[in-house]
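Okay, here's what each chain looks like letter by letter:
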Amino acid sequence: MTEQDRVTVNDPRGPVNNGVGPQYVFYGVGADWMIRKGVESLRIVHEDRRRLADRFVSPLGYRVAADRLKKPGSVVLLEAPPGSGRRAAAIMLLHGLGEDGDADENGVRFEELPVTDKDEESLAPGEGDRFLLDLSGIGDEEAYAKAQRRLAVRRSQVQEAGGHMVVVLPSGMEHVHGPDLEPHTVALGRPRGIAVVTRHLRMDRMVFRSADLRSADLQRLYDRSPMRELARLAGLVRSARDSGRFGTDFAGWLDQAMHAVTDRAGEVGQQIATVRTAPERALLLTTAVFEEARADIVYEAWHGLMRTVRHEEEATSELARTDFGERLAALGIERDPDGRLRFQRLAYADAVRTYFWANFPGVRDDLRDWIDHAAALRGLTTDDRMNVVARFAERSLAVGRPDHLLDLVVRWANRATGASCDPRAVAALELGLSHERFGGWFRRRMYECARSGPLSDGLVRVLTAACVQSLGATHPDQAMVRLHYLAVRRGEAAREAREALLHLASSDRRLYRLLIDRLRDRTRGEPPGPEPHLHLLTELLGSGRTPDPPPWPDLFLGWQTIFSQQPTEFWNPLVSSWLNAVASDRSREMALRVMVRATHGRTAALHRLYAIACEWAGSTRHPPRAAAAALFWQHIDHAQYARTEHAGAGPRTTEEAR
């Protein structure tokens, strides 16, 4: 079992990550790219879960939890020590209930619930829906008490709806567990470490003997290391094999991986103690951040770092100084035949980055400013650029500085020109959103930003892309809320956000219903006024945006709101779209009846519908259009007749209203 990040695979023939740690594939940022060492991910989309299932080793107590979870309306709370793979176990328990997405026309939800988000929508679970609530990051009793109160509400909703929920409880908080939690709690043990490593190696098609994994040093790792570290060990073995630089046998690859796991931090510390000058230390760090980039790029980035930290250039000519190649060799950095730089030792760059961010806190602001400009150096490939972003994100989040990453998102987004969307900003924001500890922090900042004052088009586009590519998969309700705030702004970028919002809602019947309700509420006058929300609602309720089969009760409520308000010019495209739909598909005739009923017999509204139908039908002799218009007029006549009958007057037809 492992809490290692999961991977989203788009094409099995795509680029391969030969580095250590988890893999990520980002869409919409140019070429697909992989991140060598991971930032903890919250993504639990189907492809991720399938990959995790291939590498999962169940712990003691897992079967008890799985049996309890089978019953509709069940809630299981997991109690397990940190590093035991408790989050992965929670995901696999829900995944083990069966395939989702094809259960019925609505699909089955598989979502992670926010822990503290202020803008959280109502849960509204359905039968068979599955939810993960990870409370393991809570560290104080007051926050846990609030979380337990929210948990009680959610648990009741899931139980009543016949859904399933797994909750990961925080460690060290057993003394403040509410007594009502005990009947639902299952304690998980630690899985066998050797089984975890073996499963990962086999999934990487590694050839080895069981005796190769039974050394005393390995046993210590099996007994003490977190599951993510055991997964990383297996990934390092794969990296050693795939690099072609560390021999051709499993024993040699494993030896390199063991050194990387156990010795690298100490080796870096020893090297830093002997490398005392700013240029050499800067070159060491630059290579660690830009590893696998071309030497000329690393050289340029190196000088950029020295300027950023205000190091004075040497007064002598460059020809009189130690040459670049000699400096590299002295630091254990080699240049491959393609001119790209890398450290001679496996995973050394990871350890160098970790050391500098941990031990030089006073230069973190400078490192942010350096990356801001260095990630734009000419000559960097897309993969180079995204690797730099990912490595900076990994370290900033590891030392608790998510604000540094968000600063770069805003800077890069605001500098975008024309209709472009900066891929570095999108990637950086997605890394923040997918982080286990800071994902909620980034979601809150997105919410505040989307609701704030003026935004650049570049930032609107980045926020939209993150909602579509990341948040829409993990927290679709929250993606919808943020897109809504972006969509009611002015400008071309807001129009793109509007299209993204409508597409997201139209692809899911539950989200479609939620957005209709949300827009109906906003048309009652919430700033920036009802008109932008009414315009959105009109677009959403057109025939081209409606799920199939159409949800007539939801459409009725939405049309009722539109037909009760001005301006009536919004009505024309909406009504015409449904007349077109009926003319081409008679199974949608119900739309005409429901639309008329949504007017509640108001004479002015019925006259307006009649006029729109007349204009739409025109003088065409096209039989389907004529038939659709005639049927619509018939429904309008019936509604008018019913209204006048109720009022005690004689019947009045639409012919009299011409």
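Structure first, text after, so check above.
The structure reproduced in this document is the subject of the present report. (Residues numbered from 1 in each chain as written. Predicted model: local features only at pLDDT ≥ 70, side-chain atom pairs only at ≥ 80, totals over all residues. Heavy atoms only, no water.)

## What to know about the sheet that holds strand E4 (residues 164-168)
Rules: By this definition, two strands are paired if DSSP reports at least two bridges between them. The numbering of helices and of strands both runs from the N terminus, where a helix is a DSSP run of H or I of at least 4 residues and a strand a run of E of at least 2. All axes are obtained by fitting lines to C-alpha atoms, using only the stretch in contact for helices, and the reported angles, taken between N-to-C directions, cover 0 to 180 degrees. Here, residues are in contact when the closest pair of their heavy atoms is within 4.5 Å.
With parallel pairing, the 5 strands of this open sheet are ordered in space as E2-E3-E4-E1-E5. Pairing within the sheet leaves two strands with one partner each, and these edge strands are strand E2 (110-112) and strand E5 (185-187). Across the sheet, the mean angle from the axis of one strand to that of its neighbour is 20 degrees, orientation sign disregarded. As defined by bridge partners, strand E1 (residues 74-79) adjoins E4 across 5 bridges and the pair is classed as parallel. Along E4, the bridge assignment pairs Leu77 with Val167. Helix H2 (residues 62-69) rests against E1, E4 and E5 of the sheet, and its axis sits at about 160 degrees to E1.

## Section: the side chain of Arg109
Selection criterion: Pairs of N or O atoms are called polar contacts if they sit within 3.5 Å, as long as, within protein, a hydrogen donor faces a hydrogen acceptor (for residues adjacent in sequence, only side-chain-to-side-chain pairs).
By secondary structure assignment, the location of Arg109 is in the loop between helix H3 (86-95) and E2. Within polar-contact distance, the side chain of Arg109 engages the side chain of Glu111 at 3.2 Å. Setting aside anything within four residues of it in sequence, one finds Arg109 in contact with Leu123, Ala124, Pro125, Asp129, Arg130, Phe131, Asp477 and Arg510.

## Regarding the environment of Trp412
Here is the rule we go by: Think of it in three bands: residues with accessible area under 20% of the maximum for their type are buried, residues over 50% are exposed, and the middle band is partly exposed, with areas taken using a 1.4 Å probe on protein chains only.
Tracing the backbone through its elements, the reader meets Trp412 in helix H16 (residues 402-415). Trp412 gets classed as buried once you look at its relative accessible area, which sits at 1%. Separated by 16 residues in the primary sequence, Trp412 and Ala428 have C-alpha atoms spaced 9.9 Å apart. Excluding residues that lie within four positions of it along the chain, Trp412 makes contacts with Ile371, Asp372, Ala375, Val389, Asp422, Arg424, Ala425 and Ala428.

## Quick word on the packing of aromatic side chains
Heads up, the rule is: Aromatic rings from Phe, Tyr and Trp, taking only the six-membered ring of Trp, are treated as a pair when their centres fall within 6.5 Å; an angle between ring planes under 30 degrees marks them as stacked, one over 60 as edge-to-face, and anything in between as tilted.
One pass over the structure, following the stated rule, counts 17 aromatic pairs. Residues Tyr299 and Trp302 carry aromatic rings whose centres are separated by 5.7 Å and whose planes lie at 70 degrees to one another, so their mutual orientation is edge-to-face. In this pair, Tyr299 and Trp302 both sit in helix H11 (residues 295-308), 3 residues apart, roughly one turn of the helix. On the basis of relative accessible area, Tyr299 is assigned to the partly exposed category, the value being 21%. Here Trp302 and Phe324 contribute two aromatic rings whose centre-to-centre distance is 5.7 Å and whose plane-to-plane angle is 25 degrees, an arrangement assigned as stacked. Of the two residues, Trp302 is situated in helix H11 and Phe324 in helix H12 (residues 324-330); the sequence distance between them amounts to 22 residues. Here Trp302 matches Phe324 in class, with each residue buried.

## Notes on the nonpolar core
The criterion, for reference: Residues enter a nonpolar core if they are buried and are Ala, Val, Leu, Ile, Met, Phe, Trp, Tyr or Cys, with the set joined through side-chain atoms within 4.5 Å.
Formed by 131 residues in total, the largest nonpolar core has its most connected members in Phe290, Trp559, Phe563 and Phe632. Within the second largest apolar cluster, 28 residues are counted, among which are Leu230, Leu233, Ala234 and Ala240.

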